[in-house]
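In case you want the letters, here they are:
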Amino acid sequence: MIRAAQDSDLQAITDIYNEAVVAGGSTADLKPRTIDQRREWVAEHEPRRDFPVVVLEDESGKVVGFGSLSRFHPRAGYDGVVELSYYIATAAQYQGYGTQMVSWLINKAKELGNRKAIGLIFASNSGSIALMKHFGFTRYGFLPKACWDGHGYLDMSYWYLDL
């Protein structure tokens, strides 16, 4: 089930995100984040009706992932373009949860009247690249050695989907 994130989900969101920080390859943060930092990140998604933060629960009700639609750029001319972000707990990966989350985010972006969805993904992140291709995203950019993730320099790929 995918539902709106609540304060009670902040620990799970923080834990899942920090798994990605420690593992490398899917975020540019180099140090694990605190619950207060994740709370600030959630609060930046305003108005929440336009920029939702959601969690994905498994069959037992455990939060195994989270995602968001974020403002692509603060200038008004970019309104209607949103960035998708999603993270799935390591133990829950390769079980279809990423597909469910991306599908939900795309559908929500369409429902909200957005015209494009954007994904910024490390080029070595084969799982997320496969999801972008599965949903018909087009790669529109590639920036070699764009980001140090704590383990090495990674290439960044940029993806879009016309909604």
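The rules behind these values
Residues numbered from 1 in each chain as written. Predicted model: local features only at pLDDT ≥ 70, side-chain atom pairs only at ≥ 80, totals over all residues. Heavy atoms only, no water. Axes fitted to C-alpha atoms, helices over the stretch in contact; angles between N-to-C directions. Helix = DSSP H or I, 4+ residues; strand = E, 2+ residues; numbered from the N terminus. Parallel < 35°, antiparallel > 145°, perpendicular 65-115°, else oblique. Left-handed = near helix turned anticlockwise from the far one by under 90°. Contact = heavy atoms within 4.5 Å. Nonpolar A, V, L, I, M, F, W, Y, C, P; charged D, E, K, R; others polar. Buried < 20%, exposed > 50% of the residue type's maximum accessible area, 1.4 Å probe, protein only. Arc of directions from axis to C-beta. Phe/Tyr/Trp six-rings, centres within 6.5 Å; stacked < 30°, edge-to-face > 60°. Lys NZ or Arg CZ within 6 Å of the ring centre and 35° of its normal.

A.B. asks: Could you give an account of the packing of helix H3 (residues 97-111) against helix H4 (residues 126-134), naming the residues involved and the relevant values?
C.D. replies: Relative to each other, H3 and H4 sit at 45°, their axes nearing to 11 Å. The pairing of H3 with H4 is recorded here as oblique in orientation. The two elements H3 and H4 meet at a crossing, and its hand is right-handed. Mapping the contact onto sequence places Gly-98, Thr-99 and Val-102 in H3 and Leu-131, Met-132 and His-134 in H4. Broken down by class, the residue content of the contact of H3 with H4 amounts to 3 nonpolar, 3 polar and no charged.

A.B. asks: Give a detailed account of helix H2 (residues 35-43), specifying residues and quantitative values.
C.D. replies: Those residues of H2 that sit buried are Arg-38, Trp-41 and Val-42. Seen along its axis, H2 keeps its buried residues to an arc of 100°; they face one direction. Against helix H1 (10-23), strand S2 (53-57) and strand S3 (63-71) lie the buried residues of H2.

A.B. asks: Please provide a residue-by-residue account of the packing of aromatic side chains, values included.
C.D. replies: Each aromatic ring pair is summarised here by two numbers: the centre-to-centre distance and the angle between the ring planes. With the rule as written, the count across this model stands at 7 aromatic pairs. Ring plane angle 75° and centroid distance 5.8 Å describe the contact between Trp-41 and Phe-66, whose orientation is recorded as edge-to-face. On the criterion of sequence distance, the pair formed by Trp-41 in helix H2 and Phe-66 in strand S3 is long-range, its members being 25 residues apart. The buried category is assigned to Trp-41, whose relative accessible area is 16%. You can call Phe-66 buried: its relative accessible area is 2%. An aromatic cluster of at least three residues, connected via ring pairs, comprises Tyr-17, Trp-41, Phe-66 and Tyr-87. The residue whose ring lies beneath Arg-38 is Tyr-17, and the NZ or CZ to ring-centre distance is 4.0 Å.

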